[in-house]
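Residue-level listing of the chains:
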Amino acid sequence: MLRPSSSLLRRGHGPLWRNPTVRALIVQFVLFVALAVFIGFLVHNTLANLDARGIKTGFDFLDRRAGFSIPQTLIDYTSNSSYGRTFVIGLLNTLLVSAMGIVLATLLGFLIGIARLSPNWLLARLATVYVETFRNIPLLVQILFWYYAVLRALPSPRQSLSLFDAFFFNVRGVVMPDPQPLPGFTATMWALLFAVIATVAFAVWAKRRQSRTGQALPVYWIGAGVIVGVPLAAFLLTGAPLEWTIPEMAGFNFRGGVNILPELVALWLALSIYTASFIAEIVRSGILSVSQGQTEAARSLSLPGAITLRKIVIPQAMRVIVPQMTSQYLNLIKNSSLATAIGYPDIVAVFAGTTLNQTGQAIEIIAMTMAVYLVISLTVSFLMNLYNARTLMKER
Amino acid sequence: MNDQSAYRTDMIAARQAPDQRRGVVGWLRANLFNGPVNSVVSVVVIGFLAWCLWPFLKWTLFDADFLGSTRADCTGDGACWVFISARFESIVYGFYPEAARWRVDIVFAMMAILVAWLAIPRLPYKRWVGLFALVGFPVVAWILLSGGYFGLESVPTRAWGGLMLTLVIATVGIVGSLPLGVLLALGRRSKMPFVKAVSVIFIEFWRGVPLITVLFMASVMLPLFVPGNVEFDKLLRALIGIMFFWSAYMAEVIRGGLQAIGRGQNEAGQALGLGYWQRTGLIILPQALKLVIPGIVNTFIALFKDTSLVLIIGLFDLLAIIRAGLTDANWLGFSTEGYVFAALMFWVFCFAMSRYSQYIERRLNTSYRT
């Protein structure tokens, strides 16, 4: 036998191209060259095309005046603002509808997922019908349905449907009372902050105390009491410094109050209802994944039902639920880009739509828009991996 | 005989008959009214159904109009399905020239037969039919739909539309993304670092962005990528975007299947002296793909639903055609009917696919237990 050789070329017998290491190198080299040539070809064409159309590449356009108005802006914006500002406005609107959608979809999804497991036949069937219906209809159809068939069919502002004479529903959206903080209101906010910190500290202390002495404290009730009670006390002590402007009919439209765009409402409802049907399935499978033996063991230790659910079933179900739920949240954020179909000013509609049409900087704008979603996705997956590593079942 | 006899001499007092466990009443008692909480829930649900289901049925069926051809035929209080029936041809064929619609019909029929053949487990020659569906059928369908050969009149893709376009996009997306997904999944598990890196970047990129931005990219950026004088068909651009996008999702599903196959399978193949492609094609993939059929079908469902997004870049699929009909001055104000019908069409396809996936899952469960 030959001495073990360090040279990869001399290892083994037969022709060189039969050597796996050499083959792998060749394959990778060929792939590399092919990709480089292909990308070079694309870049070359793109530059030639841009040149022929007289488009200058670069991000200078971000500082130029936008010159169009946006119906919903969370921060200051006028048509004199820059294109860079339209990017921020669009991004904030995307985040707003995503956050609203995530909250409602989670609530609805948990309710329906649990309802599917209900011993009540009717309720379980109703939940099944919900899931099977909304999961199998494209989100875009649902968005268009809510927008054109429901919200656009509402009456004009003069004939608004009203709820308690404070909320009004009409074709221009929802008008609702607007809270106006008066000077002393900051005290309440500080009290709220203090209450949250105090509750967290208390929860940590209570947990340590429990692991030391075995005695549990009603952390949930005390925490809820503190978080509601302390700011409420501060609010009342400072003389309730909050004023609600109630919308009133003046001429053809409402004066006062906040007007929520119908586009936002339609998108929010559609996203929540659609995603909830997936979350419901995740919740159901998560609960079912906890083996029956766990509940039976808890019962044989004579733990009460509520404790069994909270301390045994839910923590184990969460291990299955959370990763899938996160990917649904990511889907919801990505799906919020369908806003452009009904004109809700999210990042795709404002930036990849209007701004792109006005400036023609297709490559920069599409790249920036995609980068936003990529950053969100990759960040969330990274956090998810951390969570998974932490909650991984410790097997012995 | 004394009083302490081992048996009792008096009759047991009559008791109430036990709760009925059978029949309608028994069923109701067991499933809807066992306990106070359940009874309240049942009453609330029944109330809810009466409140929303009955008006819905009244609107869609009892008070609705089905017959007629113009707006004047909408006389009832409910839905006017005349809107749909009057435009049914365009909903199915889009702007496809009337004289050539038989070609679309043939493609529809071929597709139905192929899908049925592949979906029904009992039918033989799966491999050959599958090969034809993947290779032969697209060519035949392309020749028939687009024309220009064998004396068939040429029909440009901008005249394609309606259900036909939806099915074309879905089919091309499915047929294209599956092999690409297999390659990407294999690439991601490759031991060659460059191949692996390229696959990971490709997959994570497409999975990280929404389909809308992909379609925008396909419609505004792809024309920049080709030499200026080449004309790039709009439908083709959308199809490329959709194929790449879904191949990434498909790759992740298939990777799940590859991971579930034990290492011993690969090693046994190596011991027999099989090469990489022989091991992959003959041993690993047949098992891995079979395992993830439900996941693949679920991806197909998502793909099918998302074909509706092409309306945003101006292609007239099923949804866009219905939407276009809503702007017809003769038919204003029928958006509810239009969208409910669109929802129903998509629902039928997706629900059928999801049922099939569940059926396959049950079927495979019996043959493959870990």
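Residues numbered from 1 in each chain as written. Chains lettered and ligands numbered in written order. Predicted model: local features only at pLDDT ≥ 70, side-chain atom pairs only at ≥ 80, totals over all residues.

Thoughts on the overall build of chain A
As a reminder, the rule being used: Only DSSP runs of H or I reaching four residues or more are called helices, and only runs of E reaching two or more are called strands; each is numbered from the N terminus. Based on C-alpha atoms, the radius of gyration is set beside the globule rule, defined as 2.2 Å times the residue count to the power 0.38. Residue burial is a threshold on neighbouring C-beta atoms within 10 Å of the residue's own C-beta, all placed from the backbone, with 20 or more meaning buried, 12 or fewer meaning exposed, and counts in between meaning partly exposed.
For chain A, the helix and strand inventory stands at eleven helices and eight strands. The globule rule puts the C-alpha radius of gyration for 396 residues at 21 Å, and the 29 Å found for chain A is more than 25% above it. Seen through its principal axes, chain A has C-alpha atoms that stretch 90 × 75 × 45 Å. When the 396 residues of chain A are sorted by exposure, 30% land in the buried category.

Some points on the pairing of strand E3 (residues 173-176) of chain A
All names here are of chain A. Rule in force here: DSSP-based pairing: two strands are paired if at least 2 bridges between them are found.
Note that strand E2 (residues 167-170) and E3 share three bridges and pair antiparallel. Paired with Phe169 across the bridge in E3 is Val174. Between E2 and E3, which pair antiparallel in sequence order, lie two residues. Across three bridges, the pairing between E3 and strand E8 (residues 258-260) is antiparallel. What sits directly across from Met176, in E8, is Val258.

Quick notes on the interface of chain B and chain A
Here is the rule: Our contact criterion uses C-beta atoms placed from the backbone: two residues qualify when those atoms are within 7 Å. Classification convention: Asp, Glu, Lys, Arg as charged; Ala, Val, Leu, Ile, Met, Phe, Trp, Tyr, Cys, Pro as nonpolar; all other residues, Gly among them, as polar.
Facing 41 residues of chain B, the contacting portion of chain A comprises 47 residues. For the side of chain B that touches chain A, the secondary structure elements donating two or more residues are helix H2 (36-62), helix H8 (193-208), helix H9 (211-225), helix H13 (293-306) and helix H15 (335-367) of chain B. In terms of residues, the side of chain B that touches chain A owes the most to one element, H15(B), which gives ten residues. Its residues assigned to classes, the side of chain B that touches chain A shows 29 nonpolar, ten polar and two charged.

Digging into the domain arrangement of chain B
Note: interface size is frequently given as the accessible area lost on complex formation between the parts. What counts here: For the domain bounds, the source is a domain assignment made automatically or taken from a database.
Each assigned domain of chain B is listed with its residue range as follows: domain 1 (23-62) and domain 2 (91-96 + 155-367). Its C-alpha centre places domain 1 of chain B at a distance of 40 Å from the equivalent point of domain 2 of chain B.

Looking at the environment of Tyr96(B)
Residues and elements named next belong to chain B. Within the element layout of this structure, Tyr96 appears in the loop between helix H4 (88-93) and helix H5 (101-119). C-alpha of Tyr96 to C-alpha of Trp160: the two residues are 64 residues apart in sequence and 5.5 Å apart in space. The contacts of Tyr96, once residues within four sequence positions are left out, are Arg101, Val104, Val155, Ala159, Trp160 and Met164.

Looking at the environment of Gly187(B)
Residue and element names in this part refer to chain B. Inspection of the secondary structure puts Gly187 in helix H7 (residues 162-188). The exposure class assigned to Gly187 is buried, which follows from the 21 C-beta atoms found within 10 Å. Taking the C-alpha atoms as reference, Gly187 lies 8.5 Å from Ala197; in sequence the two are ten residues apart. Those residues in contact with Gly187 that lie beyond four places of it in its chain are Val195, Lys196, Val198 and Ser199.

Focus: the domain arrangement of chain A
You can read the domains of chain A as domain 1 (16-47) and domain 2 (86-158 + 261-391). Domain 1 of chain A and domain 2 of chain A are separated by 41 Å when their C-alpha centres are compared.

Quick notes on the sheet that holds E2(A)
Residue and element names in this part refer to chain A. Operational definition: Only C-alpha atoms enter the line fits that serve as axes; for helices the fit covers just the stretch in contact. Angles between N-to-C directions range over 0 to 180 degrees.
Spatially, the four strands line up as an open sheet ordered E1-E2-E3-E8, and their pairing is antiparallel. For this open sheet the edge positions go to strand E1 (161-163) and E8, each flanked by a neighbour on one side alone. Taking the axes of each pair of neighbouring strands and ignoring which way they run, one obtains an average angle of 20° across the sheet.

Comments concerning the nonpolar core
Let me state the cut-off plainly: Residues enter a nonpolar core if they are buried, belong to Ala, Val, Leu, Ile, Met, Phe, Trp, Tyr or Cys, and are joined to the set through C-beta atoms within 7 Å.
Of all hydrophobic cores here, the largest spans 148 residues; its most connected members are Val141(A), Ile143(A), Ala266(A), Leu267(A), Ala270(A) and Leu215(B). Sorting elements by how many residues they give to this core places helix H7 (residues 262-289) of chain A first, with 16 residues. With sequence-adjacent residues up to four places away left out, Ala270(A) is seen in contact with Leu139(A), Gln142(A), Ile143(A) and Trp146(A).

Concerning helix H1 (residues 20-53) of chain A
Residues and elements named next belong to chain A. Which entries qualify depends on this criterion: Take the residue count of a helix, subtract one, and multiply by 1.5 Å to get its expected span.
Given a rise of 1.5 Å per residue, 34 residues ought to cover 50 Å, and the 49 Å separating the end C-alpha atoms of H1 matches this to within 8%. Buried residues are scarce in H1, accounting for zero of its 34 residues. Downstream of H1 by one or two residues, Gly54 has phi in the positive range, about 70°.

Details of the confidence of the model for chain B
The criterion, for reference: A residue's pLDDT is simply how confident the predictor is in it, with values from 0 to 100.
Per-residue pLDDT for chain B has a mean of 84; in total, 96% of the residues score no lower than 70. Within chain B, the lowest mean pLDDT, 77, falls on helix H1 (residues 23-31) of chain B, and the highest, 91, falls on H7(B).

A closer look at unusual backbone geometry
Although it is not a glycine, Ser302(A) adopts a positive phi angle of roughly 55°. Inspection of the secondary structure assignment puts Ser302(A) in the loop between helix H8 (292-300) and helix H9 (305-335). Here Ser302(A) falls in the exposed class, since 6 other C-beta atoms lie within 10 Å of it. One non-glycine residue with positive phi stands out, namely Tyr125(B), at about 55°. The residue Tyr125(B) is located in the loop between H5 and helix H6 (126-146) in this model. With 10 C-beta atoms packed within 10 Å, Tyr125(B) lands in the exposed category.

With respect to helix H14 (residues 318-326) of chain B
By the criterion of burial, H14(B) is predominantly enclosed, with eight of the nine residues buried. Within H14(B), the full set of buried residues consists of Leu318(B), Leu319(B), Ala320(B), Ile321(B), Ile322(B), Arg323(B), Gly325(B) and Leu326(B).

Remarks on the environment of Pro315(A)
Residue and element names in this part refer to chain A. Locating Pro315 in the fold gives a position in helix H9. Its 11 C-beta neighbours within 10 Å are what place Pro315 among the exposed residues. A sequence separation of 76 residues divides Pro315 from Thr391, and the C-alpha atoms of the two residues are 9.6 Å apart.

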